[in-house]
Amino acid sequence: MANQLYGRPPWLLLAAAAVLLLASSAASGLTTGYYRKSCPRAEQIVAEVVMNKQITSPTTAAGALRLFFHDCFVGGCDASVLVSTNAFNRAEREADINLSLPGDAFDAVVRAKTALELACPGAVSCADILALAARDLVTMLGGPFFAVPLGRKDGLASRASAVEGNLPRPNMTAGAMVALFAAKGFSVREMVALAGAHTVGFSHCKEFAARIFQGGGAFDSAMEPRFARALKRACANYLNDGTISTFNDVMTPGKFDNMYYLNLKRGLGLLASDQALAADARTRPFVDLYASNQSAFFGDFSRAMVKLSLVGVKTESSGEVRRRCDQFNNLAT
């Protein structure tokens with residue numbers, strides 16, 4: 001049904017999308033073989049480090065995905081979200097919406113950077129490390145593997161004031177999300193595919209409290225009643241303990257699969273912005289498609305992730321390879 005919306009055979013759409021992504025990465029100066037001479041083991045080193053981190057800290061994968069998305073949607077995929085605030089600047093990671101980004105995700109990138117600096121000093125950017133880490137961790141959890149074009153440089157700016165309005169909020173309507181993603185160059189189909197990243201990870205109760213605590217014991221009518229009541233019990237003390245959280249996907253929380261979409265069809269979406277995708281006429285056909293066809297989800301997710309990784313990339317003239325991911329080489333920047 002979703003394919004019919006395009007009025008073209010699915011194979012033709014996929015081929016055209018692949019050609020466009022290749023052309024876009026080439027125009028940005030990125031290539032899958034970028035480190036072939038300067039750091040031949042770059043991808044292997046990143047994979048080994050982040051996979052070891054995931055084994056010891058199972059929240060790393062979902063955190064890295066969220067970190068990657070928050071980086072790319074604010075000024076492009078340039079590792080600006082990794083920069084720490086200093087005396088001269090309040091950085092992106094200090095913005096309200098970024099305060100809950102998990103430390104394990106930052107730590108995974110820092111560890112990979114340390115290993116790469118020992119092997120190939122000054123060669124591999126933090127932006128490329130984050131892009132590779134997100135891909136490798138998706139694959140580790142059972143998701144698709146896809147080639148990541150490389151050669152990004154790290155950005156020279158990171159400002160908390162630039163964040164607001166560039167990232168989706170948990171209570172956004174489908175219409176607001178469609179508009180936000182369209183402004184970044186993403187179609188409705190790509191938006192719904194990227195939302196599938198919520199098949200892993202967790203959300204704090206404050207992000208969906210408005211759905212389950214509506215007065216008089218009521219809850220959002222779009223929620224499956226037993227699910228809503230279980231969440232009310234789990235989050236009963238969230239006002240006193242802001243760390244209380246629940247899995248985004250209560251069925252297979254540690255596996256990257258299409259269960260997220262099946263959950264939406266059953267009223268088991270955690271965030272209002274998630275559940276809205278199953279109700280809106282523009283997004284529902286893709287929820288139905290991915291719920292019934294995991295291969296379609298994996299294919300679309302892979303292409304959307306590659307496209308995401310090309311947003312606003314910095315190259316030689318507009319970036320640098322940071323020595324440390326959390327600070328610019330010029331500390332006064």
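The name an unreviewed UniProt entry assigns to the protein is peroxidase, from the organism Zingiber officinale. According to its UniProt record, the protein has this under Sequence similarities (unreviewed entry): "Belongs to the peroxidase family. Ascorbate peroxidase subfamily." Regarding the protein, the UniProt comment filed under Function (unreviewed entry) reads as follows: "Removal of H(2)O(2), oxidation of toxic reductants, biosynthesis and degradation of lignin, suberization, auxin catabolism, response to environmental stresses such as wounding, pathogen attack and oxidative stress. These functions might be dependent on each isozyme/isoform in each plant tissue."

Peer 1: Please provide a residue-by-residue account of the packing of helix α3 (residues 60-72) against helix α4 (residues 103-119), values included.
Peer 2: The contact between α3 and α4 brings their axes to 7 Å, and the two run at 85 degrees. Here α3 is positioned roughly perpendicular relative to α4, judged by the angle of their axes. Contact residues: T60, G63, A64 and L67 in α3; D104, A105, F106 and A108 in α4.

Peer 1: Could you give an account of the state of the cysteines, with specific residues and numbers?
Peer 2: If you walk through the whole model with that rule in mind, you get four disulfides. With a sulfur-sulfur separation of 2.0 Å, C72 is cross-linked through a disulfide to C77. One quick way to see it: the torsion about the S-S bond of C72 and C77 is about 120 degrees, and its sign makes the bridge right-handed. Accessibility expressed as a relative area gives 1% for C77, which makes it buried. Sulfur-sulfur distance for the disulfide between C205 and C235 comes to 2.1 Å.

Peer 1: Let's hear about a nonpolar patch on the surface: which residues, and what values?
Peer 2: On the surface, F202, F247, V250 and M251 cluster together to form a nonpolar patch covering roughly 360 Å² of accessible area. Within the element layout of this structure, M251 appears in the loop between β2 (245-247) and α10 (259-265).

Peer 1: Talk me through the UniProt feature "binding site: substrate" (unreviewed entry) in the protein; I want residue IDs and the actual numbers.
Peer 2: Those places that UniProt annotates as "binding site: substrate" (unreviewed entry) correspond, in this numbering, to P168. The class of P168 is partly exposed, set by a relative accessible area of 24%. Those residues within four positions of P168 in sequence are excluded, and the remaining contacts are F69, I97, L180 and F181.

Conventions we followed
Starting afresh in each chain, residues are numbered from 1 along the sequence in its written order. Restriction of local features to residues with pLDDT of at least 70 applies here, the model being predicted, together with a cutoff of 80 or more for giving and counting side-chain atom pairs; totals for whole chains, interfaces and linings are based on all residues. Hydrogens and waters are ignored; side-chain quantities use all the structure's heavy atoms. UniProt positions are given in the numbering used here, feature names are shortened, and annotations may be inferred rather than shown by experiment. Each axis is a line fitted through C-alpha atoms, taken for helices only over the stretch in contact, and angles between the N-to-C directions span 0 to 180 degrees. Strands are runs of DSSP state E lasting at least 2 residues, helices are runs of H or I lasting at least 4, and numbering of each runs from the N terminus. Throughout this description, any angle smaller than 35 degrees is read as roughly parallel, any larger than 145 degrees as roughly antiparallel, any in the 65 to 115 degree range as roughly perpendicular, and the remainder as oblique. Every residue pair with non-hydrogen atoms within 4.5 Å of one another is taken to be in contact. To count as a disulfide, a pair of cysteine sulfur atoms needs to be within 2.5 Å. Exposure classes here rest on a 1.4 Å probe applied to the protein chains alone. A residue is buried below 20% of its type maximum, exposed above 50%, and partly exposed in between. Patch building starts from residues that exceed 30% relative accessible area and form no salt bridge, then joins like charges within 9 Å and nonpolar side chains (Val, Leu, Ile, Met, Phe, Trp, Tyr) within 5 Å. Calculation of accessible area relied on Shrake-Rupley with a 1.4 Å probe; when residues are assessed, cover is drawn exclusively from the protein chains displayed. Every case where a carboxyl oxygen of Asp or Glu lies within 4 Å of a side-chain nitrogen of Lys or Arg is listed as a salt bridge.

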